[in-house]
Amino acid sequence: MIEPSHASAGSHERYLGIDVGGTTIKYGLVTEDGKILHQQSVATTDFSGPKSAVQYGLEFARLTEGNLNHLAGVGLAVPGVLDTQTWSLKEVVNLPHWIDRPLLEIVQQETNVPSAVINDANAAALAEHKHRQLNTQTLALVTLGTGIGCGLAIGEQDLSGDHGCAGELGHVTVDSSHDASRCNCGKRGHLEAYAGAPAVVARAINAFTPWEREALPLSLRQPKIGTREIGVAAEEGFEPARQIILETAKYLGVAIGMMGQIIDPSVVLLGGAMTFGGNSRQIGRDFLSSIRQSVRESTLKQVGENLTIEYASLGNTAGIAGAAQAAQHKGREV
Ligand SMILES: [Zn+2]
């Protein structure tokens, strides 16, 4: 286990944010205004399940602050489909001990402060919303990686839907032809089957097949390539790689346009592992402008031209901050 990192501590209320992932669980003590004072990361397999993970979080808070006197709330962010009637996980990969457990009840049993359980994409969306001081505006945070997720923050509230599936952007249909690519969920034509990282790699391998190995850029001569290598090749000027990335942007733009048309948000942010270098690389900037163009082409002027689409800014601490925020909101309700 990693030692907590210390930062300057003030005197007011603290919120414990716990961000659960398949590989690690991240803990953070967060101030009222969203600043993360201490954080720690522990392997998910170090815990037998949610109860011991929450107990550890409280111990972490106690050790870093000396006591729990200032602890005003505990928020738990979890991946997958969170049933908001029972506060249990219904569909999730890599967390066998967490599925179908009454998570909110477990957190409440361990602590006597206001508690919240929230989907991790929604938690990150809440944190980005606060960071940008959007107040009553609506923000969608689209995460690009193996899967395509989307968190929604409407004003200061997250939107999870009646069955925990609001914002499942990866599973909107972008190709309705009968032989459309099959998605991981089993249905055909979903965005994830075209713009999820494995689909992007598969399309790229297919496009690069006619090329002699020696004619490919070095980054693409590895035995196994990923979206990072495709991005490097595109940045180096290999046109077929660039085309794959721009095609991916088009699919994403169509889906983001649909969402834009339905909920009319002010801001859509793009985060996750597949941003092709983001703002720091030309190909990342081109990817973003192609998404913007595709959104504008597929939406009403009033939607497309008023929608700010940018890369997310908070990175992988957004889940901790957002979980803490959810607990803070809960505290205001009681
Ligand atoms: Zn699907």
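A quick note: this is a predicted structure, and the numbers were derived from the prediction, not measured.

This part takes up the environment of Gly231. Residue position: Gly231 is located in helix H6 (residues 227–235). Exposure remark for Gly231: the relative accessible area of 3% places this residue in the buried category. For the pair Gly231 and Gln133, spaced 98 residues apart in sequence, the C-alpha to C-alpha distance is 32 Å. Non-local contacts of Gly231, meaning those with residues more than four positions away in its chain, are made with Ile245, Phe276 and Ile283.

Let us now look at the domain arrangement of the protein chain. Domain assignment breaks the protein chain into domain 1 (14–119) and domain 2 (138–311). Taken over C-alpha atoms, the centre of domain 1 sits 30 Å from the centre of domain 2. In this complex, domain 1 contributes five residues to the contact, which on the side of domain 2 involves eight residues. Of the roughly 430 Å² buried between domain 1 and domain 2 on both sides combined, carbon and sulfur atoms contribute 49%. Counting the surface domain 1 buries against domain 2, the share from its top three residues, Val81, Thr84 and Ile118, is 66%. Counting across the domain 1 and domain 2 interface gives zero salt bridges. At the boundary of domain 1 and domain 2, one finds zero residue pairs in polar contact (both at pLDDT 80 or more). Among the residues making up the side of domain 1 that touches domain 2, the classes are represented as three nonpolar, two polar and no charged.

The rules we used
Residues numbered from 1 in each chain as written. Predicted model: local features only at pLDDT ≥ 70, side-chain atom pairs only at ≥ 80, totals over all residues. Heavy atoms only, no water. Helix = DSSP H or I, 4+ residues; strand = E, 2+ residues; numbered from the N terminus. Buried < 20%, exposed > 50% of the residue type's maximum accessible area, 1.4 Å probe, protein only. Contact = heavy atoms within 4.5 Å. Domains from an automatic or database assignment. Buried area = accessible area lost by both parts, 1.4 Å probe. Salt bridge = Lys/Arg side-chain N within 4 Å of Asp/Glu carboxyl O. Polar contact = N/O pair within 3.5 Å; in protein donor to acceptor, adjacent residues only side chain to side chain. Nonpolar A, V, L, I, M, F, W, Y, C, P; charged D, E, K, R; others polar.

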